[in-house]
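# Understanding the architecture of this molecule
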Amino acid sequence: MNQETNNKSIIRVAMLAGKIMLENGAETYRVEDTMERICYISGILSADTYATPTGIFLSVRTDTYDYSTSIKRVHTRTTDLYKVNMVNDVSRKLVSKEISLSEALDILENLDEKNTLPPFLSVSSAGICSGIFALLSGGSLTDGIITAFSGALIQFISLFTSARNISFFLGNMMAGAVAAVIGIIFSIIFKIGNLDKIIIGSIIPLLPGLAITSAIRDTIYGDLVSGTVRGVEAILIAVSIASGVGIILRTWFIITGGL
Amino acid sequence: MLSKVMFAYFATVFFAISINTPKKSIYFTGINGAVGWLIYFLFSYYLGADVLGSFVGALVVALLSEYSARKFKMPATVFLTSGIIPLVPGAGLYYTMLELVQNNYENAINTGIKTIFISGSIAVAIAISSSIFKRQSKSSFNKNTNS
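The rules behind these values
Each residue is numbered by its place in its chain's sequence as written, counting from 1. Each chain takes a letter, starting from A, and each ligand takes a number, starting from 1, following the order in which they are written. Reporting in this predicted model follows two pLDDT cut-offs: at least 70 for local features of residues, and 80 or more for side-chain atom pairs to be given and counted; totals over whole chains, interfaces and linings ignore these cut-offs and use all residues. A helix here means a DSSP run of H or I that spans at least four residues, while a strand means a run of E at least two residues long, and both kinds are numbered starting from the N terminus. Exposure classes come from backbone-placed C-beta atoms, where a residue is buried if 20 or more other C-beta atoms lie within 10 Å of its own, exposed if 12 or fewer do, and partly exposed in between. Any two residues are considered in contact once their C-beta atoms, placed from the backbone, lie within 7 Å. Strands qualify as paired when DSSP identifies two bridges or more between them. pLDDT gives the predictor's per-residue confidence on a scale running from 0 to 100. Segmentation of the chain into domains, including their bounds, is taken from an automatic or database domain assignment. Residues are sorted three ways: Asp, Glu, Lys and Arg are charged, Ala, Val, Leu, Ile, Met, Phe, Trp, Tyr, Cys and Pro are nonpolar, and all the rest, Gly among them, are polar.

## A short note on the overall build of chain A
Each helix and strand in chain A was counted, giving 10 helices and three strands. Out of the 259 residues in chain A, the part that is buried amounts to 54%. Considering only contacts within chain A whose residues lie at least 6 apart along the sequence, 64% involve residues at least 24 apart.

As structure tokens, this is what we get:
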């Protein structure tokens, strides 16, 4: 492989690795760090990367006066830590020369296309997680079972809205509203289960745990722009869930005049 | 209490599955979550210190995550994201909203501020542990780049 094609494939691998990581919930500094490590494996004089939660820039100097730059806009953001870990693994092996560039490109392209988490598994495990949380916060077994169903339904709504490009604000609000509706139907109308426990358990998988974590870690690692953006995202997620729950509860209280 | 620790363990494990955490890290993620929750529970039950409990719990979870990240050679986020889930104040968020929609503004402000403080204490704990481990990883990287 001559130097020029080598440089081009390095850039391609680095951009693809960065894109997959950013789309699946890695922190900004890790995206930049991984891309730089990949760039420095051979023949590139210097590399600069800049990543924000919505896009990545990569500029490499291949010769004294020869720069090439590429930009990738990232539109979708989901959470899939398996993919983040796989890219991390690929870059580690690439740096230690365990795999070649073309092998890395194959693995990454394959990883980018396939859906590693079956929706059914995601929905059911989120449901079980919700159910156990209802038990953890002091609910009875009945609460747990109802919450498991409602948590699964909420995860389904959350996956469905993000697949249809509905904004996360509206998606979380709908999910919060569904949690409140299910809570009211079972605890007040059918008189089984506890309203508080059902709603608290159901909204747990929606809470912005990842957004908070990434926001803080980005800020600490000096990516102030990304940190701020993710912090705002975390606050907005919490507000949207709360308003979804609040709208339904308020409507119910106005109709019936209290609990 | 033992059964609650088990609940915290399995809740964390199933949350980890729902965000597709790599398989070999899942059991350790569960331990993270359970330990963090146990510390929080001990503080809030025996001392009535919710915020301090969240802080210490989250700090232990974050340090354990950084440790296991190095042991398993995986990003720390893999362990951290699920590990803090039992500590995230979902109940606080809900009760704040419940008081608000019933026009009990004073209670709403009380619960709301407590919720914000608990989230803040988790954030500070993550910030501390990330800062401790940051220096090490960055300096080892700069050595082999010489740009």
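What follows picks up the thread again.
## A few points about the pairing of strand S2 (residues 55-63) of chain A
The side chains of a regular strand alternate between both faces of the sheet. Residues and elements named next belong to chain A. Bridging between strand S1 (residues 46-52) and S2 involves seven bridges; their strand directions are antiparallel. What sits directly across from Thr52, in S2, is Gly55. Here S1 hands over to S2 after two residues, the two strands then running antiparallel side by side. Between S2 and strand S3 (residues 66-73), which pair antiparallel and follow one another directly, the connecting turn spans two residues.

## Some remarks on the confidence of the model for chain B
Residue and element names in this part refer to chain B. For chain B, mean pLDDT is 85; residues scoring 70 or higher make up 91% of the total. Per-element averaging of pLDDT across chain B places helix H6 (residues 105-143) at the bottom with 79 and helix H3 (residues 50-72) at the top with 90. Residue range residues 138-147 is modelled with pLDDT below 50. Its contacts to residues more than four positions away, or to other chains, number four contacts. The complex model carries a pTM of 0.85, and its ipTM stands at 0.84.

## Concerning the domain arrangement of chain B
Residues and elements named next belong to chain B. One can read the domain layout of chain B as domain 1 (1-86) and domain 2 (89-123). Computed over C-alpha atoms only, the centres of domain 1 and domain 2 are separated by 23 Å. Each partner contributes to the interface: domain 1 provides six residues, whereas domain 2 provides five residues.

## Here's the deal with the interface of chain B and chain A
Accessible area lost upon the coming together of the parts is a frequently used measure of interface size. Contact with chain B, which involves 43 residues of that partner, is made by 52 residues of chain A. Of all the secondary structure elements, the ones that give two or more residues to the side of chain B that touches chain A are helix H1 (2-18), helix H4 (76-83), helix H5 (90-101) and H6 of chain B. Residues that form the side of chain B that touches chain A fall into these classes: 28 nonpolar, 12 polar and three charged.

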